[in-house]
Amino acid sequence: MEHTVHRPRMSDNELRKAIGTLQQRADDARKQGADDDAARIERTVADYRDEMSQRL
């Protein structure tokens, strides 16, 4: 039996804000040498951008 995580859908504005915030965190992580963390955050950013593009 598979379990799925149900997260509430973000509004367009919330999604844009999340993308911006996460991109800043990824940039900061990369500056601090935390490349693995930055890559993980950037994958989330890419997922959010993909979701945003599907909405347009």
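So, how was this worked out
Residues numbered from 1 in each chain as written. Predicted model: local features only at pLDDT ≥ 70, side-chain atom pairs only at ≥ 80, totals over all residues. Heavy atoms only, no water. Helix = DSSP H or I, 4+ residues; strand = E, 2+ residues; numbered from the N terminus. Buried < 20%, exposed > 50% of the residue type's maximum accessible area, 1.4 Å probe, protein only. Contact = heavy atoms within 4.5 Å. Areas by Shrake-Rupley, 256 points an atom, 1.4 Å probe, with all protein chains shown as cover. Axes fitted to C-alpha atoms, helices over the stretch in contact; angles between N-to-C directions. Parallel < 35°, antiparallel > 145°, perpendicular 65-115°, else oblique. Left-handed = near helix turned anticlockwise from the far one by under 90°. Nonpolar A, V, L, I, M, F, W, Y, C, P; charged D, E, K, R; others polar. Core = buried A, V, L, I, M, F, W, Y, C linked by side-chain atoms within 4.5 Å. Salt bridge = Lys/Arg side-chain N within 4 Å of Asp/Glu carboxyl O.

### A short note on the overall build of the protein chain
Turning to step 1, where the next piece is worked out: A tally of regular secondary structure across the protein chain gives two helices and zero strands.
Turning to step 2, where the next piece is worked out: For the protein chain, the residues scored as buried account for 20% of the 56 residues in total.
Turning to step 3, where the next piece is worked out: Within the protein chain, residue pairs in contact and separated by at least 24 positions form 56% of the contacts whose partners lie at least 6 positions apart.
Turning to step 4, where the next piece is worked out: Total accessible area on the protein chain is roughly 4,800 Å²; 47% of this is exposed by carbon and sulfur atoms.

### Here we look at the packing of helix H1 (residues 12–31) against helix H2 (residues 35–55)
Turning to step 1, where the next piece is worked out: One can describe the packing of H1 onto H2 by two numbers: an axis separation of 9 Å at closest approach and a directional angle of 160°. Classified by the angle their axes make, H1 and H2 are roughly antiparallel. Regarding H1 and H2, the two cross each other, and that crossing is left-handed.
Turning to step 2, where the next piece is worked out: Class assignment of the residues belonging to the contact of H1 with H2 gives a composition of twelve nonpolar, two polar and ten charged.

### Quick word on the nonpolar core
Turning to step 1, where the next piece is worked out: Leu15, Ala18, Ile19, Leu22, Val45, Tyr48 and Met52 together form the largest nonpolar core, which totals seven residues.
Turning to step 2, where the next piece is worked out: Secondary structure elements with two or more residues in this core: H1 and H2.
Turning to step 3, where the next piece is worked out: If one sorts the elements of this core by residue count, H1 sits on top with four residues.
Turning to step 4, where the next piece is worked out: Beyond its immediate sequence surroundings of up to four residues, Ala18 is in contact with Met10 and Tyr48.

### What to know about the pattern of salt bridges
Turning to step 1, where the next piece is worked out: Scanning all chains against the criterion turns up five salt bridges.
Turning to step 2, where the next piece is worked out: Here Arg55 ties to Asp12 by a salt bridge, and the two come within 2.7 Å at their closest N and O atoms. Here Asp12 lies in helix H1 and Arg55 lies in helix H2, a separation of 43 residues in the sequence.
Turning to step 3, where the next piece is worked out: For Arg55, the salt bridge goes to Glu51, with nearest N and O atoms at 2.6 Å. On the criterion of helical spacing, the pair formed by Arg55 and Glu51 is a turn pair, its members being four residues apart in helix H2.
Turning to step 4, where the next piece is worked out: By relative accessible area, which is 23% here, Glu51 ends up partly exposed.
Turning to step 5, where the next piece is worked out: By sharing partners, the salt bridges in this structure join Asp12, Glu51 and Arg55 into a single network.

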